[in-house]
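Topology and contacts: notes
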Amino acid sequence: MEVIFLGTGTSHGIPVVSCTCEVCTSADPRDQRSRASILIKEKGSSVLIDTSTEFRLQAVREGIREISAILFTHAHADHLHGLDDIRPLTIQHAVHAFASPDTAADIRKRFDYIFKHTQIGGGKPNLILSEITGPEFIAAGLKITPVPLKHGTMHIFGYRIGKLAYLTDCSCIPKESYALLEDLDVLILGALRYKPHPTHFCFDQAIEAAEKIGARRTFFTHLCHDASHEELLKYLPKKIEPAYDGLYLDVRV
């Protein structure tokens with residue numbers, strides 16, 4: 001299974017508009033972090049997790065030609081508002097998307113034109129949206145396990161696919177969710193900054209959670225501009241690395 005980090009940044013993206021800090025002005029391309037999303041390729045299928053704000057640019061950069069399914073973690077703008085840009089990928093067939101009931105309701109509200117009859121012209125995504133109600137489901141031939149998380153007071157989903165888990169935007173992993181995260185090869189975990197934050201793990205909290213989960217490799221994503229890629233390589237313990245836009249991984253299913 002191939003995993004591509006389409007974006008690894010927080011909601012502002014990096015460089016942040018108007019910011020002149022060392023990270024935002026860095027010449028290291030690994031410090032240019034678009035909004036967080038990943039693409040998973042396995043057996044001819046491509047599963048996208050979140051349609052980030054820069055999805056069009058990410059798709060062009062990575063040469064994406066097909067999407068088989070979309071998994072939504074939650075409905076915050078940086079994880080959803082690239083949805084309209086899937087249109088060229090849905091001309092030949094509909095894409096099946098999956099979300100929690102609350103997230104699905106937000107998608108139908110904000111992108112209502114997708115789900116009702118409209119005039120010809122302009123186009124709209126050809127999307128089939130299903131609500132996740134059970135402990136697992138099949139998307140594009142892959143078994144998907146939703147992992148309940150807390151994002152501040154919000155209840156959101158991470159996802160496990162085979163030996164991979166993607167947990168972004170979390171401030172707490174409930175006790176029952178740890179049981180869904182055993183025996184991972186790769187954990188992708190949101191880690192915002194050095195200082196604590198009310199709705200995201202800070203670096204030290206994410207390190208503690210990663211060590212409790214015990215994946216063979218962990219990658220931090222949803223990073224802000226507090227630390228450069230090189231700085232994080234020095235700060236993080238063994239088996240934990242900062243992800244960056246365009247990073248490719250091979251993971252067992």
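Here the structure is shown first, and the text comes after it.
Predicted model only: the values in this text are computed from it and were never measured.

Reading guide: rules and limits
Residues numbered from 1 in each chain as written. Predicted model: local features only at pLDDT ≥ 70, side-chain atom pairs only at ≥ 80, totals over all residues. Heavy atoms only, no water. Phe/Tyr/Trp six-rings, centres within 6.5 Å; stacked < 30°, edge-to-face > 60°. Helix = DSSP H or I, 4+ residues; strand = E, 2+ residues; numbered from the N terminus. Buried < 20%, exposed > 50% of the residue type's maximum accessible area, 1.4 Å probe, protein only. Salt bridge = Lys/Arg side-chain N within 4 Å of Asp/Glu carboxyl O. Core = buried A, V, L, I, M, F, W, Y, C linked by side-chain atoms within 4.5 Å. Contact = heavy atoms within 4.5 Å. Arc of directions from axis to C-beta. Pairing = 2+ DSSP bridges. Disulfide = S-S within 2.5 Å. Axes fitted to C-alpha atoms, helices over the stretch in contact; angles between N-to-C directions.

A word on the packing of aromatic side chains
- The full count for this structure, using the stated rule, is seven aromatic pairs.
- Centre to centre, the rings of Tyr-194 and Tyr-235 are 5.2 Å apart; their planes meet at 85°, and the pair counts as edge-to-face. Taken as a pair, Tyr-194 in the loop between strand 11 (186-190) and helix 5 (203-213) and Tyr-235 in helix 6 (residues 229-235) lie far apart in primary sequence, 41 residues in all.
- Taking the relative accessible area as the measure of exposure, Tyr-194 reaches 27% and is therefore partly exposed.

What about the pattern of salt bridges?
- Within the structure shown, the criterion is met by 16 salt bridges.
- Notably, a salt bridge pairs Asp-185 with Arg-216, separated by 3.0 Å at the nearest N-O pair. Here Arg-216 lies in the loop between helix 5 and strand 12 (217-221) and Asp-185 lies in the loop between helix 4 (175-178) and strand 11, a separation of 31 residues in the sequence.
- Owing to a relative accessible area of 12%, Asp-185 belongs among the buried residues under this scheme.
- One network of salt bridges, with partners in common, ties together Lys-163, Asp-183, Asp-185, Arg-216 and Arg-252.

Considerations on the environment of Lys-238
- One can find Lys-238 in the loop between helix 6 and strand 13 (240-242).
- Given the relative accessible area of 77%, Lys-238 is considered exposed.
- When the C-alpha positions of Lys-238 and Arg-217 are compared, they lie 8.9 Å apart, and in sequence the two are 21 residues distant.

As for the nonpolar core
- In this structure, Ile-40 and Leu-71 are the most contacted members of the largest nonpolar core, which totals 28 residues.
- With three residues, the top contributor of residues to this core is strand 9 (residues 154-161).
- Sequence-distant contacts of Ile-40, that is, excluding residues within four places in its chain, are made with Met-1, Glu-2, Val-3, Ser-45, Ser-46, Val-47, Ile-49, Ile-161 and Leu-164.
- Of all hydrophobic cores here, the second largest spans 27 residues; its members include Ala-191, Phe-203, Ala-209 and Leu-223.

What to know about helix 3 (residues 101-110)
- Of all the residues in helix 3, the buried ones are Thr-103, Ala-104 and Ile-107. Buried residues along helix 3 cover an arc of 100° about the axis, so they all sit on one side. Turned more than 90 degrees away from the buried face of helix 3 sit Asp-102 and Lys-109, all of them exposed.
- In this fold, the buried residues of helix 3 make contact with helix 2 (77-80), strand 5 (95-99) and strand 6 (127-131).

Quick word on the pairing of strand 11
- Summarising burial for strand 11: five of the five residues are buried, a large majority.
- Of the two faces of strand 11, the one holding Val-186, Ile-188 and Gly-190 and the one holding Leu-187 and Leu-189 are both buried throughout.
- The sheet contact formed by strand 10 (residues 164-167) and strand 11 spans four bridges and is parallel. In the sheet register, Ala-165 faces strand 11, and the bridge partner there is Leu-187.
- Inspection of the sheet shows strand 11 paired to strand 12 by five bridges, in the parallel sense. Counterpart to Gly-190 in the pairing with strand 12 is Thr-221.

Re the state of the cysteines
- Tallying each qualifying case throughout the model produces zero disulfides.
- The thiol of Cys-24 is unpaired, and the distance to the nearest cysteine sulfur, on Cys-21, comes to 3.6 Å.
- Free cysteine: Cys-170, not disulfide-bonded; nearest cysteine sulfur from Cys-172 at 8.4 Å.
- When its relative accessible area of 1% is taken as the criterion, Cys-170 is described as buried.

Structural notes on the sheet that holds strand 12
- Pairing within the open sheet is mixed, and its seven strands lie in the order 7-8-9-10-11-12-13. For this open sheet the edge positions go to strand 7 (137-139) and strand 13, each flanked by a neighbour on one side alone. This sheet shows a mean twist of 30° between the axes of neighbouring strands, independent of strand direction.
- Sheet topology places strand 7 next to strand 8 (residues 142-151); three bridges connect them, and they run antiparallel. Bridging across to strand 8, Ala-139 finds its partner in Leu-142.
- Those strands touched by helix 5 are strand 10, strand 11, strand 12 and strand 13, and its axis lies near 155° from that of strand 11.

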